[in-house]
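Structure at a glance
Read off the chains here:
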Amino acid sequence: MLSIRDLHAQIGVRKILKGVNLEVKPGEVHAIMGPNGSGKSTLASVLAGRAGYEVTKGTAHYLGDDLLALEPEERARRGVFLAFQYPVEIPGVNNAYLLKAALNAVRKQRGLQELDAFEFLALIKDKMKLMQMDESFLSRGVNEGFSGGEKKRNEILQMAVLEPKLALLDETDSGLDIDALRVVATGVNSLRSPERAIVMITHYQRLLDYIEPDFVHVLSDGRILRTGDKSLALELEKRGYDWVKQEASAA
Amino acid sequence: MSAIASSPATVHYREAFARLQPQLGGTASLRVAAMQRFAELGFPGARDEAWKYTSLRRLESRRFVPAAPTTTSVDVPPAFVAQRLVLANGSAAGPVPAAFGGFTLGTLQTAPEDQLLRTFVGGGTERFAALNAALTIGPLLLSTAAGQRSDDVVQLSLVTTGTGPTLASPRIAVRMAPGSRARLLLDHVDDGAHEHFTNAVLDIELGAGAHLTLYRLQRQGERAFHIERIESRVGENACFVLRDSQLGAALARLDTHVSLDGRAAGTEITGVFLADGSRHLDSHVLVDHRAIETTSLQDYRGIAANKGRGVFNGKAIVHAGAQKSNARQVNRNLLLTPGAEIDTKPDLEIYADDVQCSHGTTTGQLDPEALFYLRSRGLSEPEARSALTRAFAGAVMARVDEPVLARHVHDELDRRLVRLLEGSV
Ligand SMILES: Nc1ncnc2c1ncn2[C@@H]1O[C@H](COP(=O)(O)OP(=O)(O)O)[C@@H](O)[C@H]1O
Ligand SMILES: [Mg+2]
């Protein structure tokens, strides 16, 4: 589904990704862990199409197509979803408007009819219940005045509504208390399916207690240094990242 | 007498006035004095501070024919509200009813002429208000009775129309008696058939405790020239509210002057303008705080794109003695494409010591982070840009509490933004 080969990316002259390789197949859940500043968000941003990054080498293919050649909206419509580490507040653009416009854009791409206001509301209400969000959120500006936890829940709500094929979650767990973490995990788990792949970027292993990954990767200084299963996350929790770096440089 | 500036244009209007005069109502002396004043002031020159960013060279080069009284009916867009009066080139198509939508109506035949043909001293549009007083053909006086309160909106559709380039000089005087309350909607349109010039005057007075909300929609055609002066005097505890939407015309200038004369008088002047294409839209607001505890808010949102140009000049003067006054000014501007320009100048003069004043002005582009966020959810770039642009105008649009009008302005902004953004992407 997603195939990243030797991906190099930089901002200005600053090299951040230095040869990332990653294969993600439908149905898989991957966790990418790594110290602060190792390039996790950069990888997510490059995959989602944020401006300002220069890919100097390597490729990323999504369902066989050159992902990097597509406009951000085109990626979204084809089923790539990025849950932002820092969702932006957009006062004056209301949540319901965004959800509906986004959903209809995706549906159009899939050859489905646009939903009318009634069908849309019915769908949204279900998903909001799942995310334990009050309906009053719909009439508010996008993320406007939301607490950190509400913003993260709103990202997962959008994901639940859009039903992407490839979900990239950038530190969706950070800043959440244990109850909110459970809600977010429930939302994510509800989307697990054989056709869908999930890539979770996280700092802590605690999210992985709720959403069990098939693979765990360690990204450090712009490279994936090690790949393992869930036990790698537990080991990282105990021993930190340094030993991974040392072993990698020894090799 | 001062020297008469006799540019070819002023000569043209003097001669046109002389020809038209027999058909104009009212005593000759007021009309002649007004024409004289216009001729003295002439068109603004290149160094005129009040016209620093707005050139009238093109307007001055044209020879518009001042509209004569007529009774032919005109095409107008559908009304926004139930009660609507249509004025063609400033005069009613049929006989003017004695009362309309809670207002008593007065004309040159029935109302004091000095109330209907006033001129105003000062400001960049003094000359045009004088020209209007000379040439207006059906000035209307709308007055309320003391304590009379109405929440219904009364619409006045002002249509500029003619078989050739026409100068229309509509004039509305509003006298709000003490304690009365009303809402008026002024809708400026034209027939689009020619390059017309609308030179409008609103002359408003609010008695003690009166409240007037004036919604203004300027949606004239792509070739129109539009100049307007809103002059408002606000008495004790009275409040004048203007909700402006400046969307049309090739060149438009609105001067709003509010004089807060009585204790605790207040005003709120908010508006949006959209200078797309090669439109030039200029709004000048001046609020004089002349009494204690007076309050004012100016909040304009300007949008410019392509070769569009916006000008906003907001000023508040807190005069000596106007203690405990509060003057706030906000002006935010959005440039949607390179090449667009908005010149803004917030200005505050304070001659009292116990006052609260603030002004803030910003000019910028759409937030790229917000744009990326919306696109990452599948919205096309034009959709995302138009959503953010509407949001930008939203805070001011939310104050337009006449739903049908608000919807119209929203839709119009939408339509124009999508067209614009799709064209430029
Ligand atoms: N806009 C930017 N300009 C310059 N450097 C940046 C910018 N954004 C991120 N970086 C740098 O790139 C590196 C990787 O950042 P990021 O991908 O956010 O890391 P992570 O998400 O793993 O914490 C960091 O050293 C960070 O300081
Ligand atoms: Mg990060």
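Placed above this text is the structure.
Read on for a plain summary of the structure. (Residues numbered from 1 in each chain as written. Chains lettered and ligands numbered in written order. Predicted model: local features only at pLDDT ≥ 70, side-chain atom pairs only at ≥ 80, totals over all residues. Heavy atoms only, no water.)

With that settled, consider the overall build of chain B. Each helix and strand in chain B was counted, giving eight helices and 22 strands. Here the C-alpha coordinates of chain B stretch approximately 65 × 50 × 45 Å along the principal axes. Evaluated residue by residue, chain B yields a buried proportion of 59% over its 425 residues. In chain B, the share of contacts with a sequence separation of at least 24, taken over all contacts with a separation of at least 6, comes to 85%. In the structure as shown, chain B presents an accessible area of about 15700 Å², 51% of it carried by carbon and sulfur atoms. For chain B, the distance from the average site of its 45 positive side-chain charges to the average site of its 46 negative ones is 2 Å. (Helix = DSSP H or I, 4+ residues; strand = E, 2+ residues; numbered from the N terminus. Buried < 20%, exposed > 50% of the residue type's maximum accessible area, 1.4 Å probe, protein only. Contact = heavy atoms within 4.5 Å. Areas by Shrake-Rupley, 256 points an atom, 1.4 Å probe, with all protein chains shown as cover. Lys, Arg positive; Asp, Glu negative; His and termini not counted. Charge placed at Lys NZ, Arg CZ, Asp CG, Glu CD.)

Further remarks concern the coordination of the magnesium ion (ligand 2). All names here are of chain A. Taken together, the protein donors to the magnesium ion (ligand 2) comprise S41 (OG) and Q85 (OE1), at separations of 2.1 to 2.3 Å. Here Q85 lies in the loop between β6 (80-83) and β7 (90-94) and S41 lies in helix α1 (residues 40-48), a separation of 44 residues in the sequence. In this structure S41 comes out as partly exposed when scored by relative accessible area, which is 26%. Accessibility expressed as a relative area gives 16% for Q85, which makes it buried. (Donors = N, O, S within 2.8 Å, 3.2 Å for Na, K, Ca; no water.)

Turning to the packing of aromatic side chains, a few remarks are in order. Inspection of every chain in the model, using the stated rule, returns 13 aromatic pairs over all chains. Seen from their ring centres, F84(A) and Y373(B) are 4.9 Å apart, and the 50° between their planes marks the pair as tilted. Within this pair, whereas F84(A) is found in the loop between β6 and β7, its partner Y373(B) is found in helix α6 (residues 368-375), the two belonging to separate chains. We note that F84(A), like Y373(B), is buried. (Phe/Tyr/Trp six-rings, centres within 6.5 Å; stacked < 30°, edge-to-face > 60°.)

For the rest of this paragraph, the subject is the interface of chain B and chain A. Chain B puts 18 residues into the contact, and the matching count from chain A is 28 residues. Between chain B and chain A the total buried area reaches about 1900 Å² when both faces are included, carbon and sulfur atoms providing 63% of it. Per-residue buried area on chain B facing chain A is highest for F372(B), Y373(B) and R377(B); these three make up 42% of the total on that side. R377(B) is paired through a salt bridge with E155(A); the nearest N and O atoms lie 2.7 Å apart. The tally of links from chain B across to chain A stands at eleven residue pairs in polar contact (both at pLDDT 80 or more). Residue composition of the side of chain B that touches chain A, by class: eight nonpolar, three polar and seven charged. (Buried area = accessible area lost by both parts, 1.4 Å probe. Salt bridge = Lys/Arg side-chain N within 4 Å of Asp/Glu carboxyl O. Polar contact = N/O pair within 3.5 Å; in protein donor to acceptor, adjacent residues only side chain to side chain. Nonpolar A, V, L, I, M, F, W, Y, C, P; charged D, E, K, R; others polar.)

Attention now goes to the pattern of salt bridges. Residues and elements named next belong to chain B. For the structure shown, the criterion picks out 49 salt bridges over all chains. Among the ionic pairs, R62 bridges to E195, the shortest N-O distance being 2.7 Å. Placement of the pair is R62 in the loop between α3 (57-61) and β1 (65-66) and E195 in the loop between β10 (181-190) and β11 (197-206), with a sequence separation of 133 residues. Notably, a salt bridge pairs R243 with E268, separated by 2.8 Å at the nearest N-O pair. One end of the pair, R243, is in strand β14 (residues 239-246); the other, E268, is in strand β16 (residues 266-275), with 25 residues separating them in the sequence. By relative accessible area, R243 is classed as buried at 9%. One network of salt bridges, in which partners are shared, links E222, D276, R279, E412, R415 and R416.

In terms of nonpolar packing, the biggest core is built from 116 residues, with I4(A), I90(A), L166(A), L169(A), M200(A) and L374(B) touching the most fellow members. For this core, the leading source of residues is helix α7 (residues 381-397) of chain B, giving eight residues. Contacts of M200(A), omitting those with residues within four sequence positions, involve V29(A), H30(A), A31(A), I32(A), L169(A), L207(A), L208(A), I211(A) and P213(A). Judged by nonpolar contacts, the second largest core, of 47 residues, contains L87(B), A182(B), L184(B) and I342(B). (Core = buried A, V, L, I, M, F, W, Y, C linked by side-chain atoms within 4.5 Å.)

Residues and elements named next belong to chain B. Over its 17 residues, α7 runs 23 Å from end to end, which matches the ideal 24 Å to within 8%, given 1.5 Å per residue. At A391, α7 is deflected by roughly 25°, the largest bend along its length. Most of α7 is tucked away: 13 of the 17 residues are buried. (Expected span 1.5 Å × (residues − 1). Bend = angle between axes of the 7 residues up to and from the residue.)

Next up on the list: the site of ligand 1. Residues and elements named next belong to chain A. Lining the immediate environment of ligand 1, one finds I11, R14, I16, P35, N36, G37, S38, G39, K40, S41 and T42. Between ligand 1 and G39, the relevant distance is 3.0 Å, taken from an oxygen atom to a main-chain nitrogen or oxygen of the residue. Within the backbone of S41, a nitrogen or oxygen atom sits 2.9 Å from an oxygen atom of ligand 1. In the complex, 63% of the free accessible area of ligand 1, which totals 560 Å², lies under the protein chains. (Near = heavy atom within 4 Å.)

Turning our attention to helix α3 (residues 95-109) of chain A. The first and last C-alpha atoms of α3(A) sit 21 Å apart over 15 residues, in line with the 21 Å expected at 1.5 Å per residue. All buried positions along α3(A) are accounted for by N95(A), L98(A), L99(A), A101(A), A102(A), L103(A), N104(A), A105(A), V106(A) and R107(A). Looking at the buried side of α3(A), the elements it contacts are α2 (72-77), β7, α4 (117-130), β8 (141-142) and α5 (148-162) of chain A together with α6 of chain B. Of the residues trailing α3(A), G111(A) is marked for its positive phi of about 75°.

It is worth spelling out the layout of surface pockets at this point. The calculated volume of the largest pocket comes to roughly 580 Å³. P91(A), G92(A), L388(B), A391(B) and F392(B) are the residues nearest the centre of the largest pocket, which is lined by 30 residues in total. Breaking the lining of the largest pocket down by element, the ones donating at least two residues are β7 of chain A together with β20 (326-335), β22 (356-364), α7 and α8 (403-424) of chain B. Here the lining of the largest pocket gets eight residues from one element, more than from any other, and that element is α7(B). (1 Å grid on protein atoms, 1.4 Å probe; cavity = no way out; pocket = protein on both sides within 12 Å on 5 of 7 lines; lining within 4 Å. Points joined across faces, edges and corners; volume = space filled by probe spheres on them.)

Before going further, it helps to spend a moment on the side chain of N132(B). Residues and elements named next belong to chain B. Residue position: N132 is located in helix α5 (residues 126-135). Note on N132: relative accessible area 0%, which makes it buried. With near-sequence residues (within four places) excluded, N132 lies in contact with S169, P170, R171, N199, A200 and V201.

Here we take up the pairing of strand β5 (residues 103-106) of chain B. All names here are of chain B. The pairing of strand β4 (residues 99-100) with β5 spans two bridges and is antiparallel. Looking at the pairing, F100 lines up with F103 of β5. Following β4, the chain reverses through two residues before pairing antiparallel with β5; G101 in that reversal takes a positive phi of roughly 50°. (Pairing = 2+ DSSP bridges.)

All names here are of chain A. The interhelical angle for the contact between α4 and α5, taken along N-to-C directions, is 135°, at an axis separation of 10 Å. Between α4 and α5, the interaxial angle falls into the category oblique. For the pair α4 and α5, the crossing hand works out as right-handed. Together, L123, I124, K127 and M128 of α4 and L157, A160 and V161 of α5 make up the contact between the two elements. Within the contact of α4 with α5, the residues separate by chemical class into six nonpolar, no polar and one charged. (Axes fitted to C-alpha atoms, helices over the stretch in contact; angles between N-to-C directions. Parallel < 35°, antiparallel > 145°, perpendicular 65-115°, else oblique. Left-handed = near helix turned anticlockwise from the far one by under 90°.)

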